[in-house]
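Each chain, written out:
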Amino acid sequence: MQLHRDDVVDGAIAILDQYGLADLTMRRLAGALRVQPGALYWHFPNKQALLGAVADRILAPMEHPVRAGDWSGALAELAHRLRDCLLTYRDGAELVSATYASRLTTSKGRERLAAAVIRAGIPRAEAELAAYTLLYYVLGHTVDEQSRMQMDSAGALTAETGALAASEDPTARFDFGLQLFTAGIRHRLGAEIR
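Since we're looking at a predicted model, the values are computed, not measured.

Engineer: So what exactly am I meant to see when it comes to the overall build of the protein here?
Structural biologist: If you tally the helices and strands in the protein, you get ten helices and zero strands. Taken from the N to the C terminus, the helices and strands of the protein come in the order α-α-α-α-α-α-α-α-α-α. Dimensions of the protein, computed from C-alpha atoms along their principal axes, come out at roughly 65 × 45 × 25 Å. Burial analysis of the protein (194 residues in total) assigns 39% to the buried set. Here the contacts in the protein between residues at least 6 apart in sequence split such that 72% fall between residues at least 24 apart. Only carbon and sulfur atoms are counted for the fraction: they give 56% of the accessible area of the protein, which is about 10,500 Å². Charge-centre separation for the protein: the mean point of 21 positive side chains lies 5 Å from the mean point of 23 negative side chains.

What follows is the structure, given as structure tokens:
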């Protein structure tokens, strides 16, 4: 059986979901695919390049068309879509965060966020900064959310912190931050008009 690039990414995602990012090693991946570790390097020059391809797969839904008509609706839709992409995979937010930091993902998700802010009337340079700000908000929020879920499933939360986590609605918390972000853009637009 010939090993294809997509097979390697599929195998990496399976390990990510089962064991988490810390245990996604080239050796483990090679064993799962029943190949020698060197066979993986035919498709990816190093683990970081593989993680970039995994991040691209995780973020693929970011390329789907946006249904919302106005800029704030588009921004909210994209932010929720990004969060959903990250939550779909164990340690998805941590992996994507690392690949964004090292510029290994080719996803255009951040650019789509910037385009929505530009539609609001914010100059491109500021829209780019706003898109990074929103990206970091979504990544940070989702890393925290996934960490709490994993600690809860491992029984690592105390009765007090477990009860607190159970009473929180992560989506409502996420939406609150997103509303603050959108209000900040609206305020900035109002300040520029004066």
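Engineer: For this particular structure, what's the right way to read the environment of T182?
Structural biologist: Considering the arrangement of structural elements, one finds T182 in helix α10 (residues 170–193). Sequence-wise, T182 and L75 are 107 residues apart; in three dimensions their C-alpha atoms are separated by 8.3 Å. The residues contacting T182, other than those within four sequence positions of it, are W71, S72 and L75.

Engineer: I keep staring at the UniProt feature "domain: HTH tetR-type" (unreviewed entry) in the protein and nothing clicks. Help me out?
Structural biologist: This chain's UniProt record puts "domain: HTH tetR-type" (unreviewed entry) on residues 2–62. Taken as a whole, residues 2–62 contains 64% helix and 0% strand, while its terminal C-alpha atoms sit 30 Å from one another.

Engineer: When you look at the environment of A114 in this model, what are you seeing that I'm missing?
Structural biologist: The residue A114 is located in helix α7 (residues 109–120) in this model. Taking the C-alpha atoms as reference, A114 lies 18 Å from C85; in sequence the two are 29 residues apart. Ignoring any residue separated from it by four or fewer positions in sequence, one finds A114 in contact with A127, E128 and A131.

Engineer: Is there a simple way to think about the UniProt feature "DNA-binding region" (unreviewed entry) in the protein in this case?
Structural biologist: This chain's UniProt record puts "DNA-binding region" (unreviewed entry) on residues 25–44. Counted over residues 25–44, helix gives 60% and strand 0%. Its end C-alpha atoms are 13 Å apart.

Engineer: Whenever I open this one, the pattern of salt bridges confuses me. Can you help?
Structural biologist: Tallied over the entire structure, the rule returns ten salt bridges. We note a salt bridge from D6 to R57, for which the minimum N-O separation is 3.6 Å. Taken together, the positions of D6 in helix α1 (residues 5–19) and R57 in helix α4 (residues 47–58) put the pair 51 residues apart, joining distant regions of the chain. According to the relative accessible area criterion, R57 is partly exposed, its value standing at 28%. We note a salt bridge from R57 to D10, for which the minimum N-O separation is 2.5 Å. Linking R57 in helix α4 with D10 in helix α1, this pair joins segments that are 47 residues apart in sequence. What makes D10 partly exposed here is its relative accessible area of 40%.

Engineer: Would you mind showing me how to read α1 here?
Structural biologist: Spacing of three or four residues puts side chains on the same side of an α-helix, whose turn is 3.6 residues. Compared with an ideal rise of 1.5 Å per residue, which puts 15 residues at 21 Å, α1 spans 21 Å between its outermost C-alpha atoms and is within 8% of the ideal. What α1 keeps buried is the set V8, V9, G11, A12, I13, I15 and L16. Considering only its buried residues, α1 is in contact with α2 (26–33), α3 (37–40), α4 and α6 (92–101). Of the residues trailing α1, G20 is marked for its positive phi of about 100 degrees.

Engineer: It is not clear to me how the nonpolar core should be interpreted in this structure. Could you clarify?
Structural biologist: Considering soluble globular proteins, one finds that nonpolar side chains tend to be buried as a cluster. Core analysis: the biggest nonpolar cluster contains 53 residues, and L50, V54, L75, L95, V96 and I185 have the highest contact counts within it. Listing elements by their share of this core, those giving two or more residues are α1, α2, α4, α5 (71–87), α6, α7, α8 (124–153) and α10. Top element by residues in this core is α5. It accounts for eight residues. Look past the residues within four positions of L75 in its chain and what remains in contact with it is L113, A116, V117, L134, F181, T182 and I185.

Quick notes on the rules
Residues numbered from 1 in each chain as written. Predicted model: local features only at pLDDT ≥ 70, side-chain atom pairs only at ≥ 80, totals over all residues. Heavy atoms only, no water. Helix = DSSP H or I, 4+ residues; strand = E, 2+ residues; numbered from the N terminus. Buried < 20%, exposed > 50% of the residue type's maximum accessible area, 1.4 Å probe, protein only. Contact = heavy atoms within 4.5 Å. Areas by Shrake-Rupley, 256 points an atom, 1.4 Å probe, with all protein chains shown as cover. Lys, Arg positive; Asp, Glu negative; His and termini not counted. Charge placed at Lys NZ, Arg CZ, Asp CG, Glu CD. UniProt positions renumbered as here; feature names shortened; annotations may be inferred. Salt bridge = Lys/Arg side-chain N within 4 Å of Asp/Glu carboxyl O. Expected span 1.5 Å × (residues − 1). Core = buried A, V, L, I, M, F, W, Y, C linked by side-chain atoms within 4.5 Å.

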